[in-house]
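Coordinate analysis (summary)
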Amino acid sequence: MPAAGAPPGRSALWSHDFRLFFTARTVAMFGDGMVPVALTAGLLGAGRPASSVGYALGAWMGPLAAFVRFGGVLADRFTPRRMMVIADALRLVGASVLAVSFLVVDGGPPLWEVYALSALSGVGAALFQPGVASTVPRIATDVQRANAVLGVSEALMGMAGPAFAGVVAGFWGAGAVFAANAATFGVSGVCLFLLKLRGGSASDVPRGGFFAELAGGWREFKARSWLWGVITIWTVYGLTVLGPATPLTAVLVTEGHGAGTYGALMAVNGAGSVAGGLLALRLRPARPLAAGALALLGVSVALLSLGLDLPVLALGVGQFAVGAAFAFWLVMWSTTVQTHVPPEALNRLHAYDVAGSLLMLAAGRALAGPVAEAVGAEKVLLVGAGLNVVAVAVLLAVPAIGRLRRM
């Protein structure tokens, strides 16, 4: 038996159930990476305006942000595995219909159909996402290692999915990409259906009404100052730093150095994410949120390199740093939430995290363009670099956050 506090061995992590969940998440993330490429290729190839791509992606994010809190309650009532299987079934149907429409309908499907099916996929994501948080501690004895392994896999799939979709779209069109995307949801659903979760079933826990449980989740959320403190900071952070960074990075790099350079830098960002996940496999800080906050200083490196119009090599260093920073922070944050929150409330609390982050992230992306036009994209990024340092300082200064110890 390992000594107290020692991490379980590698073989202990790769149980049958963890392999099933790892396969489901890896395949699903590979499929998710195909969607923006498929929508862009399909809609533009059918002569639709460029704005239709943004509307289609927005039609996905809106239902996700709106319904994810309800998804958390449903995952607590009916088990996360069941809700994730239902979610994969919904998304399989949506992707299959889009595949058929792009393959057989002359000129592609009407826009209303694309938007409606994107919204259906967003509802599926809202049902799926809350259950991820509570599944990991029920299939892995070493929660941090499990999150790190999943993070590395997601980073790799984030690079592989778009690349695969680009090749398939180039040879066979958007319909073939959506068909492959539907297949990934099928594989994920089968793996999750075969999964067995440790712990009691949903029926073992006394339940109130639906809205009573929703209110109970809010009370659990308010009772943990470290949790709502981080999410409050993160909502402001998403609006002012993270949200504007993504579209402005794309614009500045593409205009200044070309689309090929932007693609290469995104690959470097993905490599940084892999490195951050591998680092999280090795390090076990006593105060994980403090360690994760310090890692976020890497975000300022990326924003400064862009705001100061540094050479491409410096931009690459910045993108590697920001990828590693976010990957390490996400492992520290996910592990902290999964080990400090009671299992019976975890899905609902994770849903509040997802909803708040997505809403402010979307708002930050939407406002980035008008603000950049008014004051200049470089200034927005330089201010963001400074605000990032402020956010790190606040995370470290709040005792409930910076001093929270690892379970």
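To keep things clear, this report deals only with the structure shown in the data block. Just so it is clear, the structure is predicted and the values come from calculations on it, not from any experiment. (Residues numbered from 1 in each chain as written. Predicted model: local features only at pLDDT ≥ 70, side-chain atom pairs only at ≥ 80, totals over all residues. Heavy atoms only, no water.)

Structural notes on the overall build of the protein
Helix and strand counts for the protein come out as 17 helices and zero strands. Across the protein, the fraction of contacts at a sequence separation of at least 24, relative to all contacts at a separation of at least 6, is 87%. Carbon and sulfur atoms provide 71% of the accessible area of the protein, an area that totals close to 17,400 Å². (Helix = DSSP H or I, 4+ residues; strand = E, 2+ residues; numbered from the N terminus. Contact = heavy atoms within 4.5 Å. Areas by Shrake-Rupley, 256 points an atom, 1.4 Å probe, with all protein chains shown as cover.)

Concerning the side chain of Thr-79
Assignment of secondary structure puts Thr-79 in the loop between helix 4 (51–78) and helix 5 (80–104). Take Thr-79: its relative accessible area is 18%, and that puts it in the buried class. Within the structure, Thr-79 has its side chain in polar contact with the backbone nitrogen of Arg-82 (distance 3.3 Å). (Buried < 20%, exposed > 50% of the residue type's maximum accessible area, 1.4 Å probe, protein only. Polar contact = N/O pair within 3.5 Å; in protein donor to acceptor, adjacent residues only side chain to side chain.)

Quick notes on helix 4
End to end, helix 4 covers 39 Å across 28 residues, agreeing with the expected 40 Å (1.5 Å per residue, within 8%). Of all the bends found along helix 4, the most pronounced is centred on Phe-67 and spans about 50°. Backbone geometry just downstream of helix 4 places Thr-79 in the positive-phi region, at approximately 80°. (Expected span 1.5 Å × (residues − 1). Bend = angle between axes of the 7 residues up to and from the residue.)

Thoughts on the nonpolar core
Trp-226, Leu-289, Leu-296, Val-299, Trp-329, Trp-333 and Leu-395 are the most contacted members of the largest nonpolar core, which has 40 residues in total. For this core, the secondary structure elements donating two or more residues are helix 10 (225–257), helix 12 (288–295), helix 13 (297–307), helix 14 (312–340), helix 15 (343–375) and helix 16 (377–397). By residue number, the principal contributor to this core is helix 10, which donates 12 residues. Look past the residues within four positions of Leu-395 in its chain and what remains in contact with it is Val-230, Ile-233, Ala-293, Leu-296, Trp-329, Ile-401 and Gly-402. Judged by nonpolar contacts, the second largest core, of 29 residues, contains Ala-75, Ala-146, Leu-150 and Leu-281. (Core = buried A, V, L, I, M, F, W, Y, C linked by side-chain atoms within 4.5 Å.)

Section: the packing of helix 2 (residues 16–32) against helix 7 (residues 143–172)
Where helix 2 meets helix 7, the axes come as close as 7 Å, and the angle between the chain directions of the two elements is 30°. In terms of orientation, helix 2 lies roughly parallel with respect to helix 7. The interaxial crossing formed by helix 2 with helix 7 has right-handed handedness. Across from Phe-18, Phe-21, Phe-22, Arg-25, Thr-26, Met-29 and Phe-30 in helix 2, the residues of helix 7 making contact are Ala-146, Val-149, Leu-150, Ser-153, Glu-154, Met-157, Ala-160, Gly-161 and Phe-164. Residue composition of the contact of helix 2 with helix 7, grouped by class: 11 nonpolar, three polar and two charged. (Axes fitted to C-alpha atoms, helices over the stretch in contact; angles between N-to-C directions. Parallel < 35°, antiparallel > 145°, perpendicular 65-115°, else oblique. Left-handed = near helix turned anticlockwise from the far one by under 90°. Nonpolar A, V, L, I, M, F, W, Y, C, P; charged D, E, K, R; others polar.)

Some words on the packing of aromatic side chains
If you walk through the whole model with that rule in mind, you get 11 aromatic pairs. With 5.1 Å between their ring centres and 75° between their planes, Trp-14 and Phe-18 make a pair best called edge-to-face. Overall, Trp-14 belongs to the partly exposed group, its relative accessible area being 28%. Ring geometry for Trp-226 and Trp-333: centres 6.0 Å apart, planes at 70°, overall edge-to-face. Here the residue Trp-226 occupies a position in helix 10, and Trp-333 occupies one in helix 14, the gap between them amounting to 107 residues. For the pair Trp-226 and Trp-333, one class covers both residues: buried. (Phe/Tyr/Trp six-rings, centres within 6.5 Å; stacked < 30°, edge-to-face > 60°.)

Some remarks on a nonpolar patch on the surface
Together, Val-383, Leu-387, Val-390, Val-394 and Val-398 make up an exposed nonpolar region whose accessible area comes to about 350 Å². With relative accessibility at 46%, the residue Val-390 sits in the partly exposed group. (Patch = residues over 30% accessible without salt bridge, like charges linked within 9 Å, V, L, I, M, F, W, Y side chains within 5 Å. Salt bridge = Lys/Arg side-chain N within 4 Å of Asp/Glu carboxyl O.)

Topic: the environment of Leu-252
Along the polypeptide, Leu-252 turns up in helix 10. Under the relative-accessibility criterion, Leu-252 is labelled buried at 18%. Along the chain, Leu-252 and Ala-377 lie 125 residues apart, while their C-alpha atoms are 7.8 Å from each other.

A look at the pattern of salt bridges
Per the stated rule, a full pass over the model turns up four salt bridges. The partner of Arg-25 in a salt bridge is Glu-154, and the shortest N-O contact between them spans 3.5 Å. Linking Arg-25 in helix 2 with Glu-154 in helix 7, this pair joins segments that are 129 residues apart in sequence. For Glu-154, a relative accessible area of 28% puts it in the partly exposed group. Between Arg-284 and Asp-142 there is a salt bridge, with its nearest N and O atoms 2.4 Å apart. Linking Arg-284 in the loop between helix 11 (259–282) and helix 12 with Asp-142 in the loop between helix 6 (111–139) and helix 7, this pair joins segments that are 142 residues apart in sequence. Residue classification places Asp-142 among the buried positions, given a relative accessible area of 4%. A network of salt bridges, in which partner residues are shared, links Asp-142, Arg-145 and Arg-284.

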